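Examination of the molecular architecture
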Amino acid sequence: MTQEELFKALVAHCKEYGFIFPSSEIYDGLAAVYDYGQLGAGLKNNIKKYWWDAMTRLNENIVGIDSCIFMHPKVWVASGHVAAFNDPLIDNKDSKKRYRADVLIEDYIAKLQDKVEKEVEKGRKKFGDSFDEEEYRKTNPNVMRAKAKADEVHNRYLEAETNNDLKEMRQIIVDCGIVDPVSGTKNWTDVRQFNLMFSTQTSNTGEAADKIYLRPETAQGIFVEYLNVQKTGRMKIPFGIAQIGKAFRNEIVARQFIFRMREFEQMEMEFFIKPGTEMEWFKTWKSNRMNWHLNLGMGAENYRFHDHEKLAHYANAATDIEFNFPFGFKELEGIHSRTDFDLGNHQKLSGKKIQYFDPETGESYTPYCVETSIGVDRMVLAVLSHSYHVEQLEGGESRVVLSIPAPLAPIKVAVLPLLKKDGLPELAQKVVDELKFDFDYQYDEKDSIGKRYRRQDAIGTPFCVTVDHDSLEDNSVTIRDRDTMAQERVPIAELRDIIDKKVNLNNLLRKL
Ligand code: ATP
């Protein structure tokens, strides 16, 4: 299966098994909006709990809040979103499709960089042990040509972006001969800026002044509550405020399933610090957040940092944690050193003093801040795409298995009576009564045991417990492991501990 086919199969699987549905599907759906079904909601909640507990329980100086989606319109003036939360868009006149101009250019550069790597690989194969990669990169004409072109376009693009030069952006697209993947033509419109915030109105007077926005990030809710939390929580710098909540962006190009949605969820933490200490804290949070990811055991090779060369006007350091999605390495989480940009601007615009008084030194200052920001939905996609496998079994059979990290699995255990008679369902029900207070479970008595195992594999249930005739005599059951498919006979009384050891979220947190 190619990565593209795998991704398609995953999207279909998510729908078939109740993880993720297109929103309003009976009306043919709504672009870039998705609903989580019964299992998707379970997985999402577990991811949120892993993040929330890691932030607020493992750090004494981080507290969590829940602020509103609607905020005073001035918030988005202070944050810079009204003036600058734009994407450059361009339309193809033939296909009538809309694209982000920056993405078209970035994809073109990525293709050239890909070409460089392929040429280097060719060289490696050709020269074998005597291959000198450094020399090859410096001297091979194909490599040099592709790299020089990539660098040239990259530099032109950076300059156009810095100067907000939309004409030049279009010119780059024209000069590079970039064609619309749908129509195959170069018939492009001008590039225009498009603000990504959704807006609506309050019912007061219906005038323009009543325009309010659906928040495009949760972070501003933290900044405007900084003073309240600091005072009421008696927080001392350094300290953090965490929040999980919905955010909305009118994305121009919303593709790739739940990777880029118009309504999505974020987990953000703002860590308030003394000015001058931000680089140290930036390093600490980079490492903390990478550990949180690696702790799930989804393979260190699937993550990488991508440090930003060009920084947003408010940041003095920024990096992305990228994950190896089926469509390549893409941003999963952002870590930004945001200086005092947000608190400083809210102070200016609101006229309220937003400062921290340091009781030890007697000085007052506007705190600096390091932010960690991750999309819940992108994390769901990372987990699902990494977990989805089609495995060939002995005897020509195959199984689809979701090897979701066990503490995140939506269903932890399935209880299965071998037959629907002879008192087996009754005993199975007793097993359920033992386990239901600790674990999300499914009870299933339909179809052959083999089919039931496959159904549980397909939704990522770490354990199946089968109750058979011997169970009536010896109070033991067979427990089957999702990943190894190994089966073991164990007393019912020990089930809880055996399952708990593998699926308890606290065990994951303990390893952090
Ligand atoms: P991108 O460059 O992919 O648009 P971004 O840099 O605009 O992302 P941030 O503003 O840093 O993203 O948002 C923080 C996190 O929120 C991202 O790392 C991502 O996980 C998530 N996120 C942002 N936009 C979306 C979206 N449209 N759909 C789903 N998740 C999103």
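Right, let's walk through the structure included here. What you see is a predicted model; the values in this text were computed from it and never measured.

Summing up its helical and strand segments, the protein chain has 18 helices and 23 strands in all. Expressed as lengths along the three principal axes of its C-alpha atoms, the size of the protein chain is roughly 80 × 65 × 55 Å. When contacts within the protein chain are restricted to residue pairs at least 6 apart in sequence, those whose partners lie at least 24 apart make up 65%. For the protein chain, the accessible area works out to roughly 25,500 Å², and carbon and sulfur atoms hold 49% of it. In the protein chain, which carries 70 positive and 81 negative side-chain charges, the distance between the mean positions of the two groups comes to 3 Å.

So, about the environment of Glu309. Position of Glu309 relative to the elements: it lies in the loop between strand E11 (303–307) and strand E12 (317–325). Classification of Glu309 by relative accessible area gives exposed; the value is 64%. Contacts of Glu309, omitting those with residues within four sequence positions, involve His154 and Leu158.

A full pass over the atoms with the stated rule returns 42 salt bridges. Here Arg57 ties to Asp53 by a salt bridge, and the two come within 3.6 Å at their closest N and O atoms. Within this structure, Glu391, Glu397, Arg399, Arg454, Asp457 and Arg480 form a network of salt bridges that share partners.

Remark: helix H7 (residues 141–162) packs on helix H8 (residues 166–175), axes separated minimally by 9 Å, with the N-to-C direction vectors making an angle of 160 degrees. As judged from the angle between their axes, H7 and H8 are roughly antiparallel. Here H7 runs over H8; the crossing is left-handed. Facing H7, whose interface residues are Val153, Arg156, Tyr157, Ala160 and Glu161, H8 presents Glu168, Met169, Gln171, Ile172 and Asp175. By residue class, the composition of the contact of H7 with H8 is five nonpolar, one polar and four charged.

Evaluation of the coordinates by the stated rule reveals 20 aromatic pairs. For the ring pair Phe259 and Phe325, a centre distance of 5.3 Å and an interplane angle of 80 degrees mean the geometry is edge-to-face. One end of the pair, Phe259, is in the loop between strand E9 (239–248) and strand E10 (263–273); the other, Phe325, is in strand E12, with 66 residues separating them in the sequence. Seen from their ring centres, Phe271 and Trp281 are 4.8 Å apart, and the 55 degrees between their planes marks the pair as tilted. Within this pair, whereas Phe271 is found in strand E10, its partner Trp281 is found in helix H11 (residues 278–294), the two being separated by 10 residues in sequence. The class of Phe271 is buried, set by a relative accessible area of 2%.

Moving on: the sheet that holds strand E5 (residues 98–100). Judged by pairing direction, the sheet is antiparallel, and its three strands sit side by side in the order E5-E4-E6 without closing on themselves. Each edge of the open sheet is held by one strand with a lone partner, namely E5 and strand E6 (192–195). In this sheet, adjacent strand axes meet at a mean angle of 45 degrees when their direction is disregarded. Relative to E5, strand E4 (residues 86–91) runs antiparallel, the two sharing three bridges. If you follow Asp91 over to E5, its bridge partner there is Arg98. Of the strands in this sheet, E4 and E5 touch helix H5 (residues 101–127), which is tilted by about 65 degrees from E5. Each of E4 and E6 touches H8; the most contacted strand, E4, lies at about 45 degrees to it.

We now examine the pairing of strand E16 (residues 368–375). The element E16 is extensively covered by neighbouring structure, given that eight of its eight residues are classed as buried. Burial of the side chains of E16 extends over both faces: Tyr368, Val370, Thr372 and Ile374 are buried on one face and Cys369, Glu371, Ser373 and Gly375 on the other. Strand direction decides the pairing type here: E10 and E16, joined by eight bridges, are antiparallel. Looking at E16, one finds that Met269 is bridged to Thr372.

Close contact between helix H2 (residues 38–56) and helix H13 (residues 376–387) brings their axes to 10 Å; oriented N to C, the two are set at 110 degrees. Relative to H13, the element H2 lies roughly perpendicular. Classified by chirality, the crossing of H13 by H2 is right-handed. Residue-level inspection shows Leu43, Lys44, Ile47 and Lys48 of H2 in contact with H13, the latter providing Val376, Asp377, Met379, Val380, Val383 and Leu384. Of the residues contributing to the contact of H2 with H13, the split by class is seven nonpolar, no polar and three charged.

Before going further, it helps to examine the site of the ligand. Around the ligand there are 16 residues in total, and Glu251, Arg260, Met261, Glu331 and Leu332 lie nearest to it. Taking Leu332, its main chain carries an N or O atom lying 2.9 Å from an oxygen atom of the ligand. One of the side-chain N or O atoms of Arg378 is found 3.1 Å from an oxygen atom in the ligand. Surface burial for the ligand is 83%, taken as the share of its 590 Å² of free accessible area covered by protein chains. Contributing elements (two or more residues each) for the shell around the ligand: E10, strand E13 (328–339) and E16. Among the elements that take part in the shell around the ligand, E13 stands out by supplying five residues, more than any other. Taken together, the residues of the shell around the ligand sort by class into five nonpolar, five polar and six charged.

Here we come to a nonpolar patch on the surface. The grouping of Val77, Val82 and Leu349 at the surface amounts to a nonpolar patch, some 220 Å² of accessible area in total. With respect to the secondary-structure elements, Leu349 resides in helix H12 (residues 341–350).

When helix H15 (residues 449–459) is considered as a whole, its buried residues turn out to be Arg452, Tyr453, Gln456, Asp457, Ala458 and Ile459. Downstream of H15 by a residue or two, Gly460 has a phi angle that is positive, lying close to 85 degrees.

So, how was this worked out
- Numbering of residues starts from 1 in every chain and runs along the sequence as written.
- Local features in this predicted model are restricted to residues of pLDDT 70 or higher, and side-chain atom pairs are both shown and tallied only at a pLDDT of 80 or more, whereas totals for entire chains, interfaces and linings draw on every residue.
- Only hydrogens and water are set aside when side-chain values are computed; all heavy atoms of the structure are taken into account.
- For helices the rule is a DSSP run of H or I covering at least 4 residues; for strands it is a run of E covering at least 2, with both sets numbered from the N terminus onward.
- Throughout, a residue-residue contact means that at least one pair of heavy atoms, one from each residue, lies within 4.5 Å.
- For the area figures, the Shrake-Rupley method with a 1.4 Å probe applies, and any residue is considered shielded solely by the protein chains shown.
- Charge assignment: positive for Lys and Arg, negative for Asp and Glu; neither His nor the chain ends contribute.
- To locate a charge, the coordinates of NZ of Lys, CZ of Arg, CG of Asp or CD of Glu are taken.
- Only protein chains enter the accessibility calculation, which uses a 1.4 Å probe; a residue is then buried when its area is under 20% of its type maximum, exposed when over 50%, and partly exposed in between.
- When a carboxyl oxygen of Asp or Glu is within 4 Å of a side-chain nitrogen of Lys or Arg, the pair counts as a salt bridge.
- To get an axis, a line is fitted to the C-alpha atoms, and for a helix only the part in contact is used. The angle between two axes follows their N-to-C directions and goes from 0 to 180 degrees.
- For classification purposes, an angle smaller than 35 degrees is called roughly parallel, one larger than 145 roughly antiparallel, one from 65 to 115 roughly perpendicular, and anything else oblique.
- Crossing handedness follows the turn of the near helix against the far one: under a right angle anticlockwise gives a left-handed crossing, and clockwise gives a right-handed one.
- All amino acids are sorted into three groups, where Ala, Val, Leu, Ile, Met, Phe, Trp, Tyr, Cys and Pro are nonpolar, Asp, Glu, Lys and Arg are charged, and the leftover types, Gly among them, are polar.
- Stacked, tilted and edge-to-face pairs are distinguished by plane angle, under 30 degrees for stacked and over 60 for edge-to-face with tilted covering the rest, among Phe, Tyr and Trp rings (Trp via its six-membered ring) whose centres lie within 6.5 Å.
- In this analysis, strands are considered paired if DSSP registers two or more bridges between them.
- Being near a molecule or strand, for a residue, means having at least one of its heavy atoms within 4 Å of it.
- Each polar contact in these results corresponds to two N or O atoms within 3.5 Å; when the atoms are within protein, one needs to be able to donate a hydrogen and the other to accept it, and residues that are neighboring in sequence are counted only if both atoms are side-chain atoms.
- Residues enter patches when they are more than 30% accessible in relative terms and free of salt bridges; like-charged ones are connected within 9 Å and nonpolar ones (Val, Leu, Ile, Met, Phe, Trp, Tyr) within 5 Å.

Treat this as a map of the structure, not an account of what it does.
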